[in-house]
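# Coordinate analysis (summary)
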Amino acid sequence: MDITFAKLSHPSVGGLITLAAENAGLTVTAVQLDRKMRGALKRAMEAEKFTGKNGQLLVILAPAGLRADRVILVGVGKGKAFDSGTAERLGGHVLGKLKSLGVRHAALAADPIFGSALEASDIAAHMAYGASLRGYQFDRYKTKRPKASTARLRKLTIMTSNPSKARSTYKPLAGIANGVFLTRNLVSEPANILFPAELADRAKALHDDKIKVEVLMPTKMRELGMGALLGVAQGSAHEPRMVVMQWQGAPSHADQTPIAFVGKGVTFDTGGISIKPSAGMEDMKWDMGGAGVVIGLMRALAQRKARTNAVGVVGLVENMPSGTAQRPGDIVTSMSGQTIEVLNTDAEGRLVLADALWYTQDRFKPRFMVDLATLTGAIIVSLGNKRAGLFCNDEGLTQQLMAAGEMVGEKLWPMPIDDTYDADIDCDIADMKNIGSGRGAGSVTAAKFLQRFVNNRTPWAHLDIAGVTWSKKEQMLVPKGGTGFGVRLLDRLVAENYETQ
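In short, a report on the structure. (Residues numbered from 1 in each chain as written. Predicted model: local features only at pLDDT ≥ 70, side-chain atom pairs only at ≥ 80, totals over all residues. Heavy atoms only, no water.)

## What to know about the packing of helix H12 (residues 395-408) against helix H14 (residues 487-497)
In a packed pair of helices, the relevant descriptors are the angle between the two axes and the axis-to-axis distance. For clarity, the threshold we go by: Every axis corresponds to a line fitted to the C-alpha atoms, with the helix fit spanning only the stretch in contact, and the corresponding angles, defined between N-to-C directions, vary from 0 to 180 degrees. Secondary structure elements follow DSSP: runs of H or I no shorter than four residues count as helices, runs of E no shorter than two count as strands, and numbering proceeds from the N terminus. In this scheme the crossing of two helices becomes right-handed for a clockwise turn of the near helix relative to the far one and left-handed for an anticlockwise turn of less than a right angle. Any two residues whose heavy atoms approach within 4.5 Å at even a single point are treated as in contact. Each residue gets one label: Ala, Val, Leu, Ile, Met, Phe, Trp, Tyr, Cys and Pro are nonpolar, Asp, Glu, Lys and Arg are charged, and the others, such as Gly, are polar.
Two numbers describe how H12 lies on H14: the axes approach to 8 Å, and their chain directions differ by 120°. Relative to H14, H12 is oriented so that their crossing is right-handed. Contact residues: H12 offers Gln-400, Leu-401, Ala-404, Gly-405, Met-407 and Val-408, while H14 offers Arg-488, Leu-489, Leu-490, Arg-492, Leu-493, Glu-496 and Asn-497. By residue class, the composition of the contact of H12 with H14 is seven nonpolar, three polar and three charged.

Here's what the structure looks like:
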């Protein structure tokens, strides 16, 4: 979808969209449209009891006096509550409506909203951003054209009094959207296409964004002692990889210590010898969701030229059963030197992260580390698909993450990580085991396992994103499929707290 910005006008397009605040009358453009339509807009509002409530839509087909196919009036709610987040969600809402109507070209008039702190150019940019996020589609493997009723919107023109300023505001937002789209693309790819080496190659494309990318091969990982990660990979015909990405955006006078993000990248998870049931196993192509978020985040930071130094590390493996696969009861030695009894080969993500976290901490000594992983089904039992689980050893980082999540609508919920759960992963014959003793608190014991690979000096947070990485229905800013949950959240975390102004 092509998004452009232009001066306010009454173009000849398929759909012409204008805004209305709740019980506050029509915007300037809407008043002009009503005149051209000989009062039909106001009459339709009265007939349909349209008040301008947030998200309310009124569609008028073949409006008299206009060359557009339809006029769509969009309620923005109370002017005082109309902020950038509301504008983004409305942009996505409008895009969803345009898709359902089969409109190929539309124009949206972004007038000032009385009572809102946003300028018209800000409204234009943020509505464009929301529309862009909702307009994403992953259809590269479809060979047949969609039906006309679900035809793709080709062009969206955002009209405003100052298109140049709107375009400037939109540019960094488009960079964030590109990071989200990269994550969604990676999560959506089938596992026969996106195995570890291929995912590493996709990450190498970040060179184009001025990101330094290194790929650690199995030989190097063996030299470093990454027995936990390598143990997961040994059953697959596809070799593992570890990818290290560095963005150097901090000015020379600023603190050069990087912030760090670590992702679980299991490109397909059968469960290994502890094999999963076949029903739903196809979803395990997105068990690399944490790695996908880290890769997309690095692109977002680079494309909007974030003034910070950031490191992204992803451990990439495929977990398969075979004659060489890791067995329940095996003991492996992690890079940290700690030993692990692998009681369940389907609890593999934490083994990958154990070495990735230790490597990141040991090499970069970051200001903080945040890891992301589709780690446990237990977090879905706890939180469903509305929030991700947050486990953190630092109250300040917890508050920053919670606030960032609320700002962008990618919400978290703090989970316990106190020492009362720690003994559950103690082991008689190794330093620890990779699962707890019973069925309860599975997400907590997984987080406690990861914590053993983080020293007490490093602020660290673990985001269990198993319930929010994939969506089975469309949302305001998210189409069906890969959500990209975490990219906007962590980008906002950085923007609000870790950039040199």
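Continuing now.
## Section: H12
Test applied: Working rule for helices: expected span equals 1.5 Å times residues minus one. Classification of residues uses two cut-offs on accessible area relative to the type maximum, computed with a 1.4 Å probe and protein chains only: under 20% is buried, over 50% is exposed, and between them is partly exposed. Each direction from the helix axis to a C-beta atom contributes to the arc, which is the arc of those directions.
The terminal C-alpha atoms of H12, which comprises 14 residues, lie 20 Å apart, in line with the 20 Å expected from a rise of 1.5 Å per residue. Every buried residue of H12 is listed here: Leu-397, Thr-398, Leu-401, Met-402, Ala-404, Gly-405 and Val-408. Projected down its long axis, H12 shows its buried positions confined to an angular sector of 165°, all on one face. At the C-terminal side of H12, Gly-409 shows a positive phi close to 80°.

## As for the sheet that holds strand E11 (residues 330-333)
Defined as follows: For two strands to pair, DSSP has to find at least two bridges joining them.
A sheet is described by the order of its strands in space; here three strands give the open sequence E11-E12-E16, paired in mixed fashion. Each edge of the open sheet is held by one strand with a lone partner, namely E11 and strand E16 (432-433). As paired elements, E11 and strand E12 (residues 339-342) share four bridges and run antiparallel to each other. Bridge assignment links Asp-330 to a residue of E12, and that residue is Val-342.

## Topic: the pattern of salt bridges
The criterion, for reference: Think of a salt bridge as a Lys or Arg side-chain nitrogen and an Asp or Glu carboxyl oxygen that are within 4 Å of each other.
All chains considered together, the criterion is met by 24 salt bridges. The partner of Glu-410 in a salt bridge is Arg-488, with the nearest N and O atoms 3.7 Å apart. Taken as a pair, Glu-410 in the loop between H12 and strand E15 (412-414) and Arg-488 in helix H14 lie far apart in primary sequence, 78 residues in all. Residue classification places Glu-410 among the buried positions, given a relative accessible area of 6%. The exposure class assigned to Arg-488 is buried, which follows from its relative accessible area of 8%. Close ionic contact of Arg-452 with Asp-426 constitutes a salt bridge, the shortest N to O distance being 2.7 Å. Of this pair, Arg-452 sits in the loop between helix H13 (442-451) and strand E17 (460-464) while Asp-426 sits in the loop between E15 and E16, placing them 26 residues apart in sequence. Judged by its relative accessible area of 18%, Arg-452 is buried. Linked by salt bridges that have partners in common, Arg-140, Glu-189, Glu-198 and Arg-202 make up one network.

## Brief notes about the environment of Arg-140
For the record, the criterion: Nitrogen and oxygen atoms within 3.5 Å of one another constitute a polar contact, given that in protein one can donate a hydrogen and the other can accept it, and given that sequence-neighbouring residues count only through two side-chain atoms.
Assignment of secondary structure puts Arg-140 in the loop between helix H4 (120-135) and strand E6 (155-159). Between the C-alpha atom of Arg-140 and that of Asn-185, which follows or precedes it by 45 residues, the distance is 9.8 Å. A distance of 2.6 Å separates polar atoms of two side chains, one belonging to Arg-140 and the other to Glu-189.

## Description of the sheet that holds strand E3 (residues 57-61)
Sheets are built from strands that pair by backbone hydrogen bonding, the pairs being arranged parallel or antiparallel. Taken in spatial order, the six strands of this open sheet run E1-E6-E5-E2-E4-E3, and their pairing is mixed. Looking along the sheet, the strands with just one partner apiece sit at the ends: strand E1 (2-6) and E3. Across this sheet, the average inter-strand angle for adjacent strands is 20°, counted without regard to direction. Two strands pair when backbone bridges link them, and E3 and strand E4 (residues 70-77) are joined in this way by five bridges, in the antiparallel orientation. Within the sheet, the bridge partner assigned to Leu-58 lies in E4 and is Leu-73. Lying over the sheet, helix H1 (residues 28-36) contacts strand E2 (15-21), E4 and strand E5 (105-109), oriented at roughly 120° with respect to E2. In the packing of helix H3 (residues 84-101) onto the sheet, the strands contacted are E2, E3, E4, E5 and E6, and the crossing angle to E4 comes to about 155°.

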